[in-house]
Amino acid sequence: MTLHLYFAKRFLFVFLGILTVFFLFLALLDLIEQLRRFEGDAAFGSVLQLTLLNIPSSLYEMMPLIVILSSIGVFLTLARSSELVVARAAGRSGLLCIAGPAVVALLIGVVSVAAFNPIVAATSKQYSELSEKLENGGRNVLSIGAEGLWLRQGDDEGQTVIHAARSSPLATTLFDVSFLAYDNENGPFRRITARSAKLQDGVWQMFGVKIWDLGLGGNPEANATNYISYELSSTLTAEGIRDRFGKPSSVSIWNMPSFIAGLETAGFSAIRYAVWLNMELSRPVFLLSLVLVGAAFTMRHTRLGNTGISVLTAVLVGFGLYYIRNFAQILGENGQINMILAAWIPPIASSFLALGIILHREDG
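Going along each chain's sequence as written, the residues are numbered from 1 onward. Per-residue local features are limited, in this predicted model, to residues with pLDDT of at least 70; the limit for side-chain atom pairs, both in listing and counting, is 80 or more; totals at the level of whole chains, interfaces and linings are taken over all residues. Values reported for side chains reflect all heavy atoms of the structure, with hydrogen atoms and water molecules removed beforehand.

**Observations concerning the overall build of the protein**
Argument step 1. Helix and strand assignments come from DSSP, with helices taken as H or I runs of at least 4 residues and strands as E runs of at least 2, each series counted from the N terminus. Scanning the protein for helices and strands turns up 11 helices and seven strands.
Argument step 2. Residues counted as buried form 44% of the 364 residues belonging to the protein.
Argument step 3. By sequence separation, contacts in the protein at least 24 residues apart represent 62% of the contacts at least 6 residues apart.
Argument step 4. Of the roughly 18500 Å² that the protein leaves accessible, carbon and sulfur atoms contribute 62%. Any residue under 20% of the maximum accessible area for its type is buried, any over 50% is exposed, and the rest in between are partly exposed; the area is computed with a 1.4 Å probe on protein chains only. Residues count as neighbours in contact if any of their non-hydrogen atoms are within 4.5 Å of one another. Surface exposure here means Shrake-Rupley accessible area, sampled with a 1.4 Å probe, where a residue is shielded only by the protein chains that are shown.

**Focus on the pairing of strand 5 (residues 187-200)**
Argument step 1. Looking at chain direction, strand 4 (residues 173-183) and strand 5 are connected through 10 bridges and run antiparallel. Within strand 5, the position partnered with Thr-173 by the bridge is Lys-198.
Argument step 2. Linking two consecutive strands that pair antiparallel, namely strand 4 and strand 5, is a turn of three residues.
Argument step 3. Sheet analysis places strand 5 next to strand 6 (residues 203-213), joined by 10 bridges and oriented antiparallel. Note that in strand 6 the partner of Gln-200 across the bridge is Val-203.
Argument step 4. Where strand 5 folds back onto strand 6 in an antiparallel hairpin, the turn is made up of two residues, including Asp-201, whose phi is positive at roughly 55°. When DSSP finds two or more bridges between a pair of strands, those strands are recorded as paired.

**A look at a nonpolar patch on the surface**
Argument step 1. Like charges are joined within 9 Å and nonpolar side chains (Val, Leu, Ile, Met, Phe, Trp, Tyr) within 5 Å, but only among residues with over 30% relative accessible area and no salt bridge; these make up the patches. Salt bridges are defined as contacts in which a side-chain nitrogen from Lys or Arg sits within 4 Å of a carboxyl oxygen from Asp or Glu. Together, Leu-35, Phe-44, Leu-48 and Leu-52 give the surface a local cluster of nonpolar side chains, amounting to about 360 Å² of exposed area.
Argument step 2. Looking at the nonpolar patch element by element, the count peaks at three residues for helix 2 (residues 44-61).
Argument step 3. By the element assignment, Leu-52 lies in helix 2.

**Overview of the packing of aromatic side chains**
Argument step 1. Pairs were defined over the aromatic rings of Phe, Tyr and Trp, the Trp ring being its six-membered one, requiring ring centres within 6.5 Å. Orientation was assigned from the angle between planes: stacked under 30 degrees, edge-to-face over 60, tilted for the rest. Considering all chains together, one arrives at six aromatic pairs under this definition.
Argument step 2. Arranged with centres 5.7 Å apart and planes meeting at 50°, the rings of Tyr-6 and Phe-7 form a pair that is tilted.
Argument step 3. An aromatic cluster of at least three residues, connected via ring pairs, comprises Phe-319, Tyr-322 and Tyr-323.
Argument step 4. Our definition puts a charge over a ring when NZ of Lys or CZ of Arg is within 6 Å of the ring centre and also within 35 degrees of the ring normal. Over the ring of Tyr-60 we find Arg-283; its NZ or CZ atom is 4.1 Å from the centre of that ring.

**Describing the side chain of Asp-30**
Argument step 1. Residue placement: Asp-30 occurs in helix 1 (residues 2-38).
Argument step 2. The charged side chain of Asp-30 is buried without a salt bridge, its nearest counter-charge being Arg-37 at 7.6 Å.
Argument step 3. Apart from the residues within four sequence positions on either side, Asp-30 is in contact with Leu-50, Thr-51 and Asn-54. As used throughout, the charge tally considers Lys and Arg to be positive and Asp and Glu to be negative, leaving His and the chain termini uncounted.

**Quick look at unusual backbone geometry**
Argument step 1. The phi angle at Asp-176 is positive, at roughly 50°, despite the residue not being glycine.
Argument step 2. Position of Asp-176 among the secondary structure elements: in strand 4.
Argument step 3. A positive phi is found at Asp-201, a non-glycine position, where the angle reads about 55°.
Argument step 4. Along the chain, Asp-201 falls in the loop between strand 5 and strand 6.
Argument step 5. In this structure Asp-201 comes out as exposed when scored by relative accessible area, which is 74%.

**A short note on the nonpolar core**
Looking at soluble globular proteins, one finds that nonpolar side chains tend to be buried together.
Argument step 1. Phe-11, Val-67, Phe-75, Leu-84, Ile-98 and Met-299 are the most contacted members of the largest nonpolar core, which has 45 residues in total.
Argument step 2. Counting only elements with at least two residues in this core, the list comes to helix 1, helix 2, helix 3 (63-80), helix 4 (83-89), helix 5 (94-136), helix 9 (283-298), helix 10 (307-333) and helix 11 (339-362).
Argument step 3. Apart from residues lying up to four places away in sequence, Ile-98 is in contact with Phe-75, Leu-292, Ala-295, Met-299 and Ile-358.
Argument step 4. Counting residues in each nonpolar core, the second largest holds 17 residues, with Ala-164, Val-209, Ile-211 and Leu-236 among its members. For the purposes of this section, nonpolar cores are sets of buried Ala, Val, Leu, Ile, Met, Phe, Trp, Tyr and Cys residues that join through side-chain atoms within 4.5 Å.

**A word on helix 3**
Argument step 1. Compared with the 26 Å implied by 1.5 Å per residue over 18 residues, the 26 Å span of helix 3 between its first and last C-alpha is a close match.
Argument step 2. With 13 of its 18 residues buried, helix 3 lies for the most part within the structure.
Argument step 3. Within two residues after helix 3, Ser-82 carries a phi angle of roughly 65°, on the positive side. Helix span is expected to be 1.5 Å times the residue number reduced by one.

**Quick word on the confidence of the model for the protein**
Caution applies to low-pLDDT parts of the model: their predicted coordinates are not meant to be read in detail.
Argument step 1. Per-chain confidence: the protein averages 82 in pLDDT, with 84% of residues scoring 70 or above.
Argument step 2. You can read pLDDT as the predictor saying how much it trusts each residue, on a scale of 0 to 100. Taken element by element, the protein is modelled with least confidence in strand 1 (residues 141-145), mean pLDDT 54, and with most confidence in helix 9, mean pLDDT 91.

**Points about helix 9**
Note: α-helices contain 3.6 residues per turn, so residues at a spacing of three or four share the same orientation.
Argument step 1. Taking 1.5 Å per residue as the helical rise, helix 9 with its 16 residues ought to reach 22 Å, and the 23 Å between its terminal C-alpha atoms agrees with that figure.
Argument step 2. The element helix 9 is largely enclosed, with a buried count of 15 among its 16 residues.

**Focus on the packing of helix 8 (residues 271-281) against helix 10**
Argument step 1. Put simply, helix 8 and helix 10 touch, their axes get as near as 9 Å, and they point 145° apart. At the point where helix 8 passes helix 10, the crossing takes the right-handed sense. Across from Ile-271, Arg-272, Val-275, Trp-276 and Met-279 in helix 8, the residues of helix 10 making contact are Arg-325, Gln-329, Gly-332 and Glu-333.
Argument step 2. Class assignment for the residues of the contact of helix 8 with helix 10 results in four nonpolar, two polar and three charged. Lines fitted to C-alpha atoms define the axes, with helix axes restricted to the stretch in contact, and inter-axis angles between N-to-C directions lie between 0 and 180 degrees. We call a crossing left-handed when the near helix sits turned anticlockwise from the far one by less than a right angle, and right-handed when that turn is clockwise. For this classification, the nonpolar set comprises Ala, Val, Leu, Ile, Met, Phe, Trp, Tyr, Cys and Pro, the charged set comprises Asp, Glu, Lys and Arg, and every other residue, Gly included, is treated as polar.

**A word on the pattern of salt bridges**
Argument step 1. Evaluation of the coordinates by the stated rule reveals one salt bridge.
Argument step 2. The salt bridge involving Glu-280 is made with Arg-283; its shortest N-O contact spans 3.6 Å.
Argument step 3. When its relative accessible area of 3% is taken as the criterion, Glu-280 is described as buried.
Argument step 4. Overall, the relative accessible area of 6% leaves Arg-283 in the buried class.

Encoded structure:
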């Protein structure tokens, strides 16, 4: 147990060191990018806040790279100091030497999904809101809940709040929809309800329409008019509406089941988010497989030579497994394969691949 704890601590310290280096590197790059993006249109404090809000998401995405580099670093150090040779001479097999770092990697995956993921979701959401505010004043907003779909569009003249009971999967058509237009100075001045509204070429094409003019005074119902069809200009686009859902990473894994239910109730396809949920649940296993990959190629003694080739091979195999996992995620989102298979087969297969290489080398 003492030896397991020793190897586990070595891996944890290397992991924290590489994580710190990546944090500082990403902070510098992102700060420069944000300064270039706004070019003096935003205060330095706001730009710095954007950078700090964006770093957790970047670190979370790069966690597999950090883990495999930590694995390579630890096992290379242990090989160079002959500690692995001593451990094997004492009767420990290679697999037992990997147990400590493997357990730590598994725990890192669990903690990152259970604790770091909600942090990333919160910071990503705040980053999107602050970025939207700095770019266009936050005029366009989307929200989905049990009561339906809410949108807000606006221009320099005013804002329009849109509510729909449900939507088409591609977010191009809204059903049982109402529009409430606000003047910048005088408040609400018009309400429109429609049986359906389709967004096309910057215009809401509505059918089964009733319009109340709220700025005339008196009884709005007496002055209400009905139309078979009606057109209303819009600053929104179908792509913009879908983009305002944000990335799945902007939703905490703990809130994802209810978010998926809300999407399906509103009429949207939630398969992208369901696949992402399963991918997150399988993340600890994938990080474990990367530790095994790093160990498989770097546990050999450095006196045997070709250390650089072994390190390069481990990194390339790790990247290859990472891209295979992303490719499987894309296939799952497109419905080409089952979402459970897309999320769990790549990390499990990666683990067995690495274990096979380790056992082959151990048995000679």
